[in-house]
Amino acid sequence: MKVEFYKHNIGQQDINNVVEVLNSLFLTTGEVVNEFEDKFSRYLGCRHTVGVTSCTAALHLSLLAYGIRPGDEVITTPMTFIATANAVLYTGAKPVFVDVEPETGNINADLIEDAVTSRTKAILPVHLYGQMCDMKKIRQIADKHHLAVIEDAAHAIEASRDGIRPGELGDAACFSFYATKNITSGEGGAVSTNNEEIAEKLKKLRLHGMSKGAAERYSKRYEHWDMEMLGWKYNMSNIQAALLINQVENISRNWERREAICRMYEDAFSSNTHIFLPLVLLGSRSARHVFTIQVHPEKRDEVLLQLQERAVGVAVNFRAVHLLTFYRQAFGYKKGMYPIAEKIGASTITLPLYPKLTDEEVRYVIQTVKEVTAEYAQTWAE
Ligand SMILES: Cc1ncc(COP(=O)(O)O)c(C=O)c1O
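So, here's what we can say about the structure. Residue numbers run consecutively from 1 along every chain, following the written order of its sequence. The predicted nature of this model means local features are confined to residues of pLDDT at least 70 and side-chain atom pairs, given and counted, to a pLDDT of 80 or more, with totals for whole chains, interfaces and linings taken over all residues. To obtain the side-chain values, all non-hydrogen atoms of the structure were used and water was disregarded.

## Digging into the site of the ligand
Around the ligand there are 16 residues in total, and Thr 56, Asp 152, His 155, Ser 176 and Lys 181 lie nearest to it. Polar contact criterion, stated in full: a pair of N or O atoms within 3.5 Å, where within protein one must be able to donate a hydrogen and the other to accept it, and residues adjacent in sequence count only if both atoms are side-chain atoms. Here an oxygen atom of the ligand sits 2.8 Å away from a polar atom, N or O, in the side chain of His 155. A distance of 2.7 Å separates an oxygen atom of the ligand from a polar side-chain atom of Ser 176. For the ligand, the accessible surface in isolation is 390 Å², of which the surrounding protein chains cover 92%. Among the detected pockets, the ligand sits in the largest pocket. We define proximity as follows: a residue is near a molecule or strand when any one of its heavy atoms falls within 4 Å of that partner. Computed with the Shrake-Rupley method and a 1.4 Å probe, the accessible areas treat only the protein chains shown as cover for residues. The way it works is a 1 Å grid over only the protein atoms, where trapped points that fit a 1.4 Å probe form a cavity and open points with protein on both sides within 12 Å along at least five of seven lines form a pocket, and then any residue with an atom within 4 Å of a point lines it. A molecule is counted as occupying a cavity or pocket when more than half of its atoms fall within 2 Å of that pocket's grid points.

Next up, the structure:
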């Protein structure tokens, strides 16, 4: 048996929707993008959504829309994909890392205030693996110090914590529709916000700062457009939106299947002394984007390779960002600066998790993980 790390869930209806756009006049940002944005906003319970080409773009534009500039500091987590910190660098600001909670891997909200300086302009929490950060505490700190809160919700479409959902307490929430995400257009992203002014600004920023998009220019009596600000070329196309529209309908059903798979993994591993599982907190509903286990850091890579050898697709989410070469060289980060993120980064392994995974495949993954970790447990006990 070979268990793929990921299989997408695009169905015939999604394909038909794309074909319909391909047979139409308008391929770039137009009515289909508007339709997707409205649908996604309704799903989230947020007022506005702006479709872009990736979550990286969503993060970059959200930071710009809230006025983040060179010389500013943005507080974020080292336990994330590089996109989070890189987006801060694109604005000329500096990412300032704060260590994470050992149980969840999320930014430790109790440590944030110590990192606030006169240059701090925003907090950028990441809802790791699909579990939300402590947004109530983060909002309080942000209000006290007049900071924007931009949520990296790339993993967290379906998440909630104490009844709070992404985009509710944050000033903007950024989503990814990358190939392995819970809904996908291959590449894609969006910003959701309750702030109308910011949504309007984001619509300009995603298209060079132009006052009118192609759809407006084409469908109405011609009017000249202006460039009102320096923007980027990050606009979502009708083709991408067509792929996403029907997937929004199936978000809950697919979440249920992933939840059931996670329960199978948790039942199998929770009493295993060689395996540590991140915790889903009480009152928290994880979006169940990825399922990770942690093993002894000195044996992680061997376990990872053994799993791969035995045909179990694996990944690492994530090695701590501050220890990657560029961040070490550019900012002088060293081992020991964010020990919890480093420990997770050195011991974590991501297992397959997607709706098409069969029970038989899940059982194969469980059995293989148990065998491989038991083998290595003998050597790490010595
Ligand atoms: C936490 C996190 N933030 C941001 C991103 C960037 O998303 P995209 O590839 O859509 O730019 C990812 C992508 O995997 C991610 O995992």
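Moving on from the model shown.
## Brief notes about empty space enclosed by the protein
Grid points are joined across faces, edges and corners, and a volume is the space filled by probe spheres set on the points. A complete count under the given rule lists 1 cavity of 30 Å³ or more for this structure. Approximately 150 Å³ is the volume attributed to the largest cavity. Forming the boundary of the largest cavity are 14 residues, of which Tyr 129, Pro 278, Val 280, Arg 288 and Val 290 lie nearest the centre. Numbering goes from the N terminus for both helices and strands, where a helix is a DSSP run of H or I of at least four residues and a strand is a run of E of at least two. Listing elements by their share of the lining of the largest cavity, those giving two or more residues are helix 10 (251-269) and strand 10 (291-294).

## Notes on the pattern of salt bridges
When a carboxyl oxygen of Asp or Glu lies within 4 Å of a side-chain nitrogen of Lys or Arg, that pair is called a salt bridge. Considering all chains together, one arrives at 19 salt bridges under this definition. A salt bridge links Glu 223 to Lys 212, with the shortest nitrogen-to-oxygen separation between them at 3.3 Å. Placement of Glu 223 in the loop between helix 8 (214-219) and helix 9 (238-249) and of Lys 212 in the loop between helix 7 (196-205) and helix 8 is noted, with a sequence separation of 11 residues between them. Since its relative accessible area comes to 48%, Glu 223 is described here as partly exposed. Buried means the residue's accessible area, taken with a 1.4 Å probe over protein chains only, is under 20% of the maximum for its type, while exposed means over 50%, and partly exposed covers the values in between. Take Lys 212: its relative accessible area is 19%, and that puts it in the buried class. Between Arg 288 and Glu 266 there is a salt bridge, with the nearest N and O atoms lying 3.0 Å from each other. You can see Arg 288 sitting in the loop between strand 9 (284-285) and strand 10 and its partner Glu 266 sitting in helix 10, a full 22 residues away along the chain. Each member of the pair, Arg 288 together with Glu 266, is buried. Through salt bridges with shared partners, one network takes in Glu 259, Arg 263, Glu 266 and Arg 288.

## Notes on the layout of surface pockets
Taken as a whole, the largest pocket encloses approximately 690 Å³ of empty space. Contributing to the lining of the largest pocket are 43 residues, with His 155, Tyr 178, Thr 180, Lys 181 and Asn 317 lying nearest its centre. Looking at the lining of the largest pocket, the elements with two or more residues in it are helix 3 (55-65), helix 4 (82-90), helix 10 and strand 11 (348-351). Residue classes follow a fixed rule: Ala, Val, Leu, Ile, Met, Phe, Trp, Tyr, Cys and Pro count as nonpolar, while Asp, Glu, Lys and Arg count as charged, and any other residue, Gly among them, counts as polar. Here the residues of the lining of the largest pocket are counted per class, giving 21 nonpolar, 17 polar and 5 charged. For the second largest pocket, the calculated volume is near 430 Å³. Along its surface, the second largest pocket is lined by 18 residues, and Asn 34, Lys 203, Arg 206, Gly 213 and Glu 216 are the ones closest to its centre.

## Describing the packing of helix 2 (residues 31-44) against helix 9
Each pair of packed helices can be summarised by the angle the axes make with each other and by the distance between the axes. Each axis is a line fitted through C-alpha atoms, taken for helices only over the stretch in contact, and angles between the N-to-C directions span 0 to 180 degrees. Two numbers describe how helix 2 lies on helix 9: the axes approach to 8 Å, and their chain directions differ by 30°. Taken together, the axes of helix 2 and helix 9 lie roughly parallel to each other. As for the relative orientation of helix 2 and helix 9, their crossing is left-handed in sense. Residues Glu 31, Val 32, Val 33, Glu 35, Phe 36, Lys 39, Phe 40 and Tyr 43 of helix 2 form the contact with helix 9, whose participating residues are Asn 238, Ala 241, Ala 242, Leu 244, Ile 245, Val 248 and Glu 249. Here the contact of helix 2 with helix 9 is composed, by residue class, of 10 nonpolar, 1 polar and 4 charged. Convention used here: angles under 35 degrees read as roughly parallel, angles over 145 as roughly antiparallel, angles from 65 to 115 as roughly perpendicular, and any remaining angle as oblique. Should the near helix be turned counterclockwise from the far one by less than a right angle, the crossing is left-handed, whereas a clockwise turn marks it as right-handed. By the convention used here, residues are in contact when the closest approach between their heavy atoms is within 4.5 Å.

## Let's talk about the environment of Ile 107
With respect to the element layout, Ile 107 can be found in the loop between strand 3 (94-97) and helix 5 (112-115). Each C-alpha atom, one on Ile 107 and one on Ser 41, is 26 Å from the other, the two residues being 66 residues apart in sequence. What Ile 107 contacts, discounting residues up to four positions off in sequence, is Ile 75, Thr 76, Thr 77, Val 98, Asp 99, Val 100, Glu 101, Ile 112, Pro 125, Cys 133 and Ile 138.

## Quick look at the environment of Arg 328
When you line up the elements, Arg 328 lands in helix 12 (residues 325-331). Discounting residues that sit within four places of it in the chain, Arg 328 has contacts with His 322, Leu 323 and Tyr 333.

## Focus on the packing of aromatic side chains
Only Phe, Tyr and Trp rings take part, Trp by its six-membered ring, and two of them pair if their centres are within 6.5 Å. Stacked means planes under 30 degrees apart, edge-to-face means over 60, and tilted covers everything else. Under the definition given, this model contains 15 aromatic pairs. Ring centres of Phe 36 and Phe 177 lie 5.5 Å apart, and the angle between their planes is 90°; this geometry places the pair in the edge-to-face category. In this pair, Phe 36 sits in helix 2 while Phe 177 sits in the loop between strand 7 (172-176) and strand 8 (189-193), placing the two residues 141 residues apart along the sequence. For the pair shown, Phe 36 and Phe 177 are each scored as buried.

## A look at the side chain of Thr 350
Mapping Thr 350 onto the fold places it in strand 11. In this structure Thr 350 comes out as buried when scored by relative accessible area, which is 0%. Side chain to side chain, Thr 350 and Asn 317 meet in a polar contact 2.6 Å long. Not counting residues up to four positions away in its chain, the partners in contact with Thr 350 are Phe 5, Val 290, Phe 291, Thr 292, Gly 313, Val 314, Ala 315, Val 316 and Asn 317.

## Focus on helix 6 (residues 135-145)
Considered for burial, the residues of helix 6 that qualify are Met 135, Ile 138, Arg 139, Ile 141 and Ala 142. For helix 6, the arc enclosing every buried residue in end-on projection is 165°, short of the 170-degree limit, so these residues lie on one face. In helix 6, the exposed positions angled more than 90 degrees off the buried face are occupied by Gln 140 and Lys 144. Where helix 6 is buried, its residues meet helix 5, strand 4 (120-124) and strand 5 (148-152). Just downstream of helix 6, His 146 is the residue with a positive phi angle, here 55°. The directions considered for the arc are those from the helix axis to the C-beta atoms.

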